[in-house]
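Remarks on the overall topology
Single-letter residue listing:
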Amino acid sequence: MVKRNLLILILLLPCSLFAGSTQMNSSSAASRDDNFSSTRGGLEIVSSDGEFSATLGGRLLLDAAYYDEDKNSLGNGTELRSARLEMEGRIYADIIYELSVDFADGDADMKDAWLAYDAYHPWRFTLGHFKEPFSLEELTSRKHLTFMERALPNALVPGRNMGLGLHWYGEQISVAAGLFGDDYNDDSDDEGDEGWGGSTRLTYAPLATDRSVVHFGVSASHRKLDDEEEYRVDSRPESHLTDIHYLDTGKIKQSRTLTLVGLESAWVYGEASLQGEWIASNLERDDAADIEFSGWYIQASWFPTGESRHYKSQQARFGRVNPLSEQGALELALRYSTLDLNDQDVEGGSSDQLAFAVNWYYKPQLRFMMNYIVVNNDRYADADGDVENEDEPNILQLRAQLDF
Amino acid sequence: MVKRNLLILILLLPCSLFAGSTQMNSSSAASRDDNFSSTRGGLEIVSSDGEFSATLGGRLLLDAAYYDEDKNSLGNGTELRSARLEMEGRIYADIIYELSVDFADGDADMKDAWLAYDAYHPWRFTLGHFKEPFSLEELTSRKHLTFMERALPNALVPGRNMGLGLHWYGEQISVAAGLFGDDYNDDSDDEGDEGWGGSTRLTYAPLATDRSVVHFGVSASHRKLDDEEEYRVDSRPESHLTDIHYLDTGKIKQSRTLTLVGLESAWVYGEASLQGEWIASNLERDDAADIEFSGWYIQASWFPTGESRHYKSQQARFGRVNPLSEQGALELALRYSTLDLNDQDVEGGSSDQLAFAVNWYYKPQLRFMMNYIVVNNDRYADADGDVENEDEPNILQLRAQLDF
Amino acid sequence: MVKRNLLILILLLPCSLFAGSTQMNSSSAASRDDNFSSTRGGLEIVSSDGEFSATLGGRLLLDAAYYDEDKNSLGNGTELRSARLEMEGRIYADIIYELSVDFADGDADMKDAWLAYDAYHPWRFTLGHFKEPFSLEELTSRKHLTFMERALPNALVPGRNMGLGLHWYGEQISVAAGLFGDDYNDDSDDEGDEGWGGSTRLTYAPLATDRSVVHFGVSASHRKLDDEEEYRVDSRPESHLTDIHYLDTGKIKQSRTLTLVGLESAWVYGEASLQGEWIASNLERDDAADIEFSGWYIQASWFPTGESRHYKSQQARFGRVNPLSEQGALELALRYSTLDLNDQDVEGGSSDQLAFAVNWYYKPQLRFMMNYIVVNNDRYADADGDVENEDEPNILQLRAQLDF
């Protein structure tokens, strides 16, 4: 379905757009700050000479889950989903940086750790550990997701890796591309060379006002796997508290290269919004047929209290919702998602899940979330043999989220 | 000794007090800030719009210990007892939060991680990871303890867990209650449901001036253990540097519910103070007799330099000592504590320890501590069989403590 | 070569210098701030009463390495070499402190964690976790090293431990000495007593202007090993991304005491500089001959763009390079280093490496580094038997470094 020379295309894409870009960027300079610290408002420290600044931030996500269990015990309880400290700022006029660490699992997990050259606006060159440009939902911060967890197809998405990236945006178009090594938390590559790959994302938003957005995007990624040549995808149900990953391909041996494509679209009409993505992967193996996985989701949300989802056009992703009244904003949402990890000799399982959400944004920085999820697993969804299959639990989960 | 329906009582207690509370709270509004950031003085950052604030804090506890050994080697040496970064603040008028991480063991351990709704003073509703309201010594910050380590009976106390809590205080009375899941650092509940329980603490301070305090308190806690149904209590001697936990019940199987009660009292007369607690636990098992453990301590302290222990009446616990002179404050203290973990078929050991302390508070934020401890173990105190029993070492330990 | 009573000498050294010190210190008071926060400029927070301050800092080191392999696979790839958050400041007039944590390995590693009494300038008394005073290259921050990694002989150097230290400096002389327990991240001493030892460093800089420096130094260290009585030295090639430690003595049993001596010198003539060190160790064992290891390095650097290496005379080490022009500073450097871990019955291997560096300091806080290293291993350099010996790879490695 997708070919190996896509990598060359990925790298050429931003360059080919460069020619036509210079006449577009004047209008976007006004909203420059939005690109960086917009809604933070923030706890900023500036050096006496004005050359440096740092803005401190944090996030605290407190979860509880109740599993209406079918065949397996998923483990009701509570969880600190995320506790993060962040420091981002500017060094002289042209360098920006971010350091963020998550302490949720009893250790320290560096998330964003990058510096960027930001002098030739709207171009930005980034170096470090950051998210590969792939998928609208992945690039939207967990703080601003409509549902508590990302949809099932997100299991295919590359996420954060060490690398370098280029980002450009115009009035309606944004392009991001990057070359990436492995994640630095990946210890599996001690013996041999790390893998590496490239990702790119192109978005087009013919309409992007405060309350009306039409957004389309396409992502592509190609990766040479590391010298261990093992590939594995697994996924929990759309709930993080349980440790059961129903979908699990196990280690697929002799895996050489992975190619991904993604299509995305989002629509905002005042209080209502629609969003959907389709993601497919192709895994090339030695002496065996290619393996193809795919998944998609579609979600609708509505604010009875009159707010709109906030679209950040420069990064082409969603941001913070600001409640209109003292009582806060109420959001209702529905999502259907599906992921199929069965292909050829691989029986990773397939699942589709229907999720219903009620979110109450009491303040821009404080919201409460409730998700109810109906899980529908196929007979291969047995966590690589660790649990009973054809398990179909329902999930009720709650979150309190503070971020600043 | 204590019954299971105590849990209902725990939850009703704060409600039953609500009726009589409203006429008391006017006088306490003046000292409101004491509740939150009092003696910090602090490194505060405020956003440009004044809506957020964060105060940065830290603590550094440097220990050394010399063990006058009897039968076992306890391991003389040095230790970073605590190295903590803290961020606490206010979001808009009514939300306060705290995030604190300890880095002492080479990893990152989230301590307080909570947010609280603080609009209806003197009521406060808290959500997150914080200490269950149980025991005066547990709730007093390690920074402000008279001795380097808490007394032996503290091994029975629940400590920090994920949950929600309600706190109220009047002129002489404070009430705190909460419902809690397990600690998020507890990995033992992966397979089954987490345990959960409730705790409450009621205090009465008929006298609480700057230099005279009479304080009484009662705590109760009831917990359904997690699906593994194992309960274990262990305790080092009152010294953290050694890894030997003389007292250790091992895993007590088929444990279902745990009930705790605690009584506490503290008296401050100018330079002198007395403090004591008694804590008892009752463990219900399947097909076996209940097991009861208990312990108590009493301590006296005296400031030859004229200072007083600082009682924070809103939280009903002790706080920071402020030296009167440039030379700092000197405190002498003596404590006797005992804990008995032998009952029925469980031979966890019993110990009593006599501790002598000299503390020099050079600055409010900097103190030096010396403890000398005489350990008296019974013949079951063998660290669940790992060390020789009837070991009776003496301990000399030192600490330098910086906190701000 | 070096004797055990060196320890007494180490402790007497600073005292013997005390007599002659008082008449020297007036001239150095002017540059006092240089001792602490000089080039930081920094993100400082001060309390409202002016009694406390904290300066926030951070560092981000992003590496990539390509190994031109010979016999073993070293693992090409990328790495987050360091991601550190730092907090340092002043409490009242006379106490300074520092807390720094590194998050690079997916956990949290406390680095500097100390407090110091700084009232009797130029004397300073320090307590906590900090670097033992030994070796110019060790004491120079990684942020300000000319090469990406320290030279091979650094494997012998003690590094950070828990302890107390005394530091004094005069117009041309500095003396530092300390007593240290073990590192708190060292878990190997659980069973028995920790080791402890003393280190001292004496430097003499007859010339120390902005662009001309002549520096000499001698360090000595003596340590009683912990109760496990095992000593091990190992060393990667001068590249951190690979996990192969070619040089590795394995655990040397029945090791009792370790004595180290080091000689160092550095010369700066405008744009050019020379620096070299020789370090030797002597390990005393029970019932076996002493073992002696040694190594040395020499390096030259040159700034074609006209800058000088910055010598901080109070701490007698190198600091931050400030580029003269908007285009930044360019530095070329060459280093030869060698370390021999073969002696008696120990075959730890011997290696010499030639490294060439190009550094571009775009801003004082941002630099890019490229190292090319030619590795020359002897036949014992087989990572204690884990890899093929006589391996002679070449290494190309890159770094982007942000620190503030």
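Now for a description of the structure that goes with this document.

1. With respect to the nonpolar core
Core analysis: the biggest nonpolar cluster contains 87 residues, and F103 of chain A, F103 of chain B together with F103 of chain C have the highest contact counts within it. Among all residues touching F103 of chain B, those that are not within four sequence positions of it are F103 of chain A, A83, L85 and A108 of chain B together with V101, F103, A108 and M110 of chain C.

2. Thoughts on the pairing of strand β18 (residues 329-343) of chain C
Residues and elements named next belong to chain C. Where strand β15 (residues 288-302) lies against β18, nine bridges are found, and the strand directions are antiparallel. Bridge pairing in β18 places S301 opposite A333. A loop of two residues connects β18 with strand β19 (residues 346-363), the two strands running antiparallel in sequence, and Q344 in this loop sits at a positive phi of about 50°.

3. Some points on the interface of chain B and chain A
Listed per partner, the contact involves 37 residues of chain B and 38 residues of chain A. Taking both partners together, chain B and chain A bury about 2800 Å²; carbon and sulfur atoms supply 71% of that area. At the surface where chain B touches chain A, the tally comes to zero salt bridges. Our count for the contact surface shared by chain B and chain A stands at five residue pairs in polar contact (both at pLDDT 80 or more). Elements that contribute at least two residues to the side of chain B that touches chain A include exactly β1 (43-46), β2 (52-68), β3 (77-91), β4 (95-102), β5 (109-117) and β6 (123-131) of chain B. It is β5 of chain B that provides the largest number of residues to the side of chain B that touches chain A, a total of five residues. Grouping the constituent residues of the side of chain B that touches chain A by class yields 22 nonpolar, eight polar and seven charged.

4. Brief notes about the interface of chain C and chain A
Every contact between the two is made by 37 residues of chain C and, on the other side, 37 residues of chain A. In total, chain C and chain A occlude about 2900 Å² of area from one another, counting both sides; carbon and sulfur atoms represent 71% of this. Counting every contact that joins chain C to chain A gives zero salt bridges. Remark: the boundary between chain C and chain A carries five residue pairs in polar contact (both at pLDDT 80 or more). Of all elements in the fold, only β1 (43-46), β2 (52-68), β3 (77-91), β19, β20 (366-377) and β21 (394-403) of chain C reach the threshold of two or more residues within the side of chain C that touches chain A. The element contributing the most residues to the side of chain C that touches chain A is β3 of chain C, with seven residues. Looking at side-chain class alone, the side of chain C that touches chain A contains 17 nonpolar, ten polar and ten charged residues.

5. Thoughts on the relation of the copies chain B and chain A
For the pair chain B and chain A, the superposition axis carries a translation of 0.0 Å, the fit reaches an RMSD of 0.0 Å, and the rotation angle comes to 120°. The transformation just described matches what one would write down for a three-fold rotation axis. Looking at the interface residues of chain B, only 14% of them are also at the interface in chain A, so each copy uses its own face.

6. So, the packing of aromatic side chains
Residues and elements named next belong to chain B. Considering all chains together, one arrives at 42 aromatic pairs over all chains under this definition. Between the aromatic rings of F303 and Y361, the centroid separation amounts to 5.9 Å while the plane-to-plane angle is 45°, which identifies the pairing as tilted. Of this pair, F303 sits in the loop between β15 (288-302) and β16 (311-312) while Y361 sits in strand β19 (residues 346-363), placing them 58 residues apart in sequence. We note that F303, like Y361, is buried. Geometry around F147 places R335 over its ring, the cationic atom sitting 4.4 Å from the centre.

7. Things to note about a negative patch on the surface
There is a patch of like negative charges on the surface, built from D68, E69, D70, E388, E390 and E392 of chain A together with D227 and E228 of chain B. Position of D227 of chain B relative to the elements: it lies in the loop between β10 (212-224) and β11 (234-235).

8. Some remarks on the environment of D63 of chain C
Mapping D63 of chain C onto the fold places it in strand β2. Each residue touching D63 of chain C, except ones within four places of it in the same chain, is listed here: M162 of chain A together with G77, T78, E79, R81, M148, E149, L241, L398 and R399 of chain C.

9. Some details on empty space enclosed by the protein
In this structure the tally under the stated criterion is 15 cavities of 30 Å³ or more. A volume near 270 Å³ is recorded for the largest cavity. The wall of the largest cavity is formed by 21 residues, among which L85 of chain A, L56 and L85 of chain B together with L56 and L85 of chain C lie closest to the centre.

10. Considerations on the environment of A205 of chain B
All names here are of chain B. Mapped onto the fold, A205 is located in strand β9 (residues 196-208). Using a relative accessible area of 7% as the deciding quantity, one classes A205 as buried. Taking the C-alpha atoms as reference points, A205 and D226, separated by 21 residues in sequence, lie 36 Å from one another. Once you skip the residues sitting within four places of it in the chain, A205 turns out to touch Q172, V214, H215 and Y311.

Cut-offs used in this document
Residues numbered from 1 in each chain as written. Chains lettered and ligands numbered in written order. Predicted model: local features only at pLDDT ≥ 70, side-chain atom pairs only at ≥ 80, totals over all residues. Heavy atoms only, no water. Core = buried A, V, L, I, M, F, W, Y, C linked by side-chain atoms within 4.5 Å. Buried < 20%, exposed > 50% of the residue type's maximum accessible area, 1.4 Å probe, protein only. Contact = heavy atoms within 4.5 Å. Pairing = 2+ DSSP bridges. Helix = DSSP H or I, 4+ residues; strand = E, 2+ residues; numbered from the N terminus. Buried area = accessible area lost by both parts, 1.4 Å probe. Salt bridge = Lys/Arg side-chain N within 4 Å of Asp/Glu carboxyl O. Polar contact = N/O pair within 3.5 Å; in protein donor to acceptor, adjacent residues only side chain to side chain. Nonpolar A, V, L, I, M, F, W, Y, C, P; charged D, E, K, R; others polar. Least-squares fit on C-alpha atoms with pLDDT ≥ 70 in both. Phe/Tyr/Trp six-rings, centres within 6.5 Å; stacked < 30°, edge-to-face > 60°. Lys NZ or Arg CZ within 6 Å of the ring centre and 35° of its normal. Patch = residues over 30% accessible without salt bridge, like charges linked within 9 Å, V, L, I, M, F, W, Y side chains within 5 Å. Areas by Shrake-Rupley, 256 points an atom, 1.4 Å probe, with all protein chains shown as cover. Lys, Arg positive; Asp, Glu negative; His and termini not counted. Charge placed at Lys NZ, Arg CZ, Asp CG, Glu CD. 1 Å grid on protein atoms, 1.4 Å probe; cavity = no way out; pocket = protein on both sides within 12 Å on 5 of 7 lines; lining within 4 Å. Points joined across faces, edges and corners; volume = space filled by probe spheres on them.

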